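Now for the letters of each chain:
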Amino acid sequence: MKISRREWVLAATCWAEVLRAQNSHSNQLVWFNPADAAEIQAIAAQIIPDDDTPGAGTAGVIWFIDRSLAGYDQDKQELYKRGLAETQAKRAELFPGSTSIAGLSNEQQTALLKAIEKTEFFQQMRLHTILGFFGQPVGLKLLGVQHEMHYEPPFGYYDAEVARGGSK
Amino acid sequence: MSMAQFRPADAVDFIVVGIGAAGGVMAKELATAGFRVVALEQGPWRHEKDFKHDEVAVMFRAGLTNNPKKQLNTFRKTPSDPAQQQQAVEYGCMVGGGSVHFTTNYWRFHPEDFRERSVLGPVPGADLRDWPITYDDLEPYYTQAEWDLGISGLGGSNPFDGPRSKPYPLPPMPVKSSGVLFERGAKKLGLHPFPAPLAIISEQYHGRPACVHCGYCEAFGCEVGAKSSTLAALIPAAVKTGRCEVRPNSYVRKIEVGKDGRVTGVIYFDAGGREVFQRAKAVVVCANGAETPRLLLMSKSNAFPEGLGNSHGNVGKYLMFDSGGFAFGLFEHPLNEYKSVVVTRVLHDYYRSDPKRGFYGGGGIDGRFDYYPAGFALAGMPLDGPQWGSEWKREIGQYYTHMSGSLGHASCLAVEQNSISLDDKVKDAWGLPAMRVTFKNHPDDLKAADFLMERQKEILLAAGAKKVWADPTTLGEITYSRHLMGSCRMGDDPKTSVVNKWNRVHAVPNLFLVDGSSLVTSARQQPTATIQALAYRSADYIKRGASL
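A. Quick peek at the overall build of chain A. Along its length, chain A carries nine helices and zero strands. When the helices and strands of chain A are placed in sequence order, the string is α-α-α-α-α-α-α-α-α. Counting only residues that meet the buried cut, chain A has 36% of its 168 residues in that class. In chain A, of all internal contacts separated by at least 6 residues, the share reaching a separation of at least 24 is 65%.

If you want it as structure tokens, here you go:
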């Protein structure tokens, strides 16, 4: 195949929606106050933990959520306000004496989120966290995707097998 | 030659409302035949350079589709339910319409699809009818569409297809691992898989470059112009005639009718929100199976107090949706399905309705695994496992490249109460009545989809999958569709249909409806080839001197 044409569209244009949020933050939150941002960040880091591979914290998902709530998802602001307040109430109920979600132990955070995982707020946070993470190269890498603008066959094991004249 | 510019007060020969899969065909055919055409498109005019691999923008922020936050619609299952604000239809919203972002399955309907009522008899609870045309009437226009647009495929490889007058212009796309496994499983079961006919060019064609297998076909615009959208394949030729003006960002609110009941032009909001009345000698509405009936219903006049062409109350009725579920399989070795086109093998063994099954319908099945990364993380993992946290994160990395799957494309029956109507409370961002969608599957639709799902799982197991499962969210009653069919259906009898066999509105000689709305049956989904063949046929009728 001749494709010297336009290797043009570089990866830089590929994840604009997420990277615009992540790269332009200069540590200025647009919608969250810093205290709430820390709580939301702690929840996001439970959904996609930073363990042996990068997670929501390393990927800066909080900036994507912040910009989304100030922009396309303005209609989700009330859900976040209400959902975070209810999650704080649940925290106080499950862990009397605690003062923040971010201050809970890893096991406590997991238990708290398991208690609210059916709520609309958690589902929205899961959506935002996933978009902010899998909408950029770090997420593709986790899935084993070697992102390029152009591939040639064979693409996978089984079509390669047929191309070699193997099993049909 | 620069694009034509017409003044609104000049009555052009044709206005095309919605320049998508069908509108692109009409604009190109009419302009190249010498007619002066204004094409009004509610979405923007994007080009190859504007498309990108941005899943969040495209898939989750209505990047290329109708924006549910501006174009509100309401949904109810039956007329006795209250209509709730909820997105129920999705369509391509740009110059080129759905042909820009579709997956590109491009199979023809079968000869028996056009006369199922005669063959099978009536179906209780539905209004199954024969088409007023046959497969043979449409065959030359399927061929014209395939050669004009550029379709890759292998003619004669599907033993259930009707006769073809010409092969496909381009060879099939290279088979992917999903296609190899689909073929392996299907052949073990004695079935007849064939190379998918796709609206993607496998080799250079008409000056357009071949596919580069980048993997972003479904829901995305093609960055090299290898997808045979009307945007890439036809609209440039229409514009080049100097007789076709494309006006993007133009939201049509009414088709105007004179005292004699003939169409005189359309009123639309331009990009700046100003109202414009464009005059025309004739109008072709290609706004899709949901927006076309809505526009007719909004176009009330003294001659048509219930909406244009709606003297017998048929506009909006018999809406049909896409139907069928996803099955998934986990395999030992990597498939890397994120590369190249979505589908490379299809089978039609279960397409025909078989009375022995005890329900109407059947379907086509294709081999595919079409999740993009974020969509997969959201909903792609088996629901019996974790959906967030460290264990989920580990598993998801092991599954994504090792999965295949298949999609069932099941029949959907025409039911009178399934419809598009105008909501009496909710308005869109232009202050117009929101679209109200009423839809509840006929029980046979669900039986056909469930039947196909069992066959899909058998094929994956026969192919050697370690684990096979169905996506339960894609089975059961549908409340959302991207295939919008049948709301202004075609027929010989003006009392039971909206357009005649040439896609002309019965009562209005200078008004044509050319899109999914005229489909009499849903066949087995994947309607784009048929919608475009109907457009070529209707355009040919006009070009041959139909008196308007």
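B. View of the sheet that holds strand β15 (residues 433-438) of chain B. Residue and element names in this part refer to chain B. Read across the open sheet, the four strands follow the order β4-β3-β15-β14; overall the sheet is mixed. Of all the strands in the sheet, just β4 (84-85) and β14 (419-427) have a single pairing partner and so form its edges. Bridge count for strand β3 (residues 73-76) against β4 is two bridges, and the pairing is antiparallel. When the bridges of β4 are listed, Phe75 appears paired with Gln84.

C. Local environment of the confidence of the model for chain A. The share of residues in chain A with pLDDT of 70 or more is 86%, and the mean pLDDT across the chain is 89. Overall, residues 1-12 of chain A carries pLDDT values under 50, and its contacts beyond four positions in sequence, including any with other chains, amount to 11 contacts.

D. Fine view of the sheet that holds strand β5 (residues 194-195) of chain B. Residues and elements named next belong to chain B. If you trace the six strands from one edge of the open sheet to the other, you get β5-β11-β12-β13-β10-β16, paired in antiparallel fashion. Both outer strands of the open sheet, β5 and β16 (467-470), are each paired with one neighbouring strand and no more. As paired elements, strand β12 (residues 363-367) and strand β13 (residues 403-410) share five bridges and run antiparallel to each other. Among the inter-strand pairings, Asp366 is bridged to a residue of β13, identified as Leu407. Against the sheet, helix α12 (residues 443-462) makes contact with β10 (326-330), β12, β13 and β16, and its axis sits at roughly 150° relative to β13, the strand it touches most.

E. How the structure looks around unusual backbone geometry. For the bond from Pro153 of chain A to Pro154 of chain A, the omega torsion is 0°, close enough to zero to count as cis. With respect to the helices, strands and loops of the structure, Pro154 of chain A is situated in the loop between α8 (137-142) and α9 (157-163). Phi at His206 of chain B is positive, roughly 50°, even though this residue is not glycine. Along the chain, the position of His206 of chain B falls in the loop between β5 and α7 (230-233).

F. Here's a closer look at helix α5 (residues 135-150) of chain B. Residue and element names in this part refer to chain B. Between the first and last C-alpha of α5 there are 21 Å, a value that for 16 residues agrees with the 22 Å anticipated at 1.5 Å per step. All of the buried residues along α5 are Leu138, Tyr141, Tyr142, Thr143, Gln144, Ala145, Glu146, Asp148, Leu149 and Gly150. In this structure, the buried side of α5 is in contact with α7 and α13 (528-543).

G. Expanded view of the environment of Ala287 of chain B. All names here are of chain B. Relative to the elements of secondary structure, Ala287 occurs in the loop between β9 (275-285) and α9 (291-298). Note on Ala287: 31 C-beta atoms within 10 Å, which makes it buried. Along the sequence, Ala287 and Gly18 sit 269 residues apart, while their C-alpha atoms lie 4.7 Å from each other.

Rules used in this analysis
Residues numbered from 1 in each chain as written. Chains lettered and ligands numbered in written order. Predicted model: local features only at pLDDT ≥ 70, side-chain atom pairs only at ≥ 80, totals over all residues. Helix = DSSP H or I, 4+ residues; strand = E, 2+ residues; numbered from the N terminus. Buried ≥ 20, exposed ≤ 12 C-beta atoms within 10 Å, placed from the backbone. Contact = placed C-beta atoms within 7 Å. Pairing = 2+ DSSP bridges. pLDDT = per-residue confidence, 0-100. Axes fitted to C-alpha atoms, helices over the stretch in contact; angles between N-to-C directions. Expected span 1.5 Å × (residues − 1).

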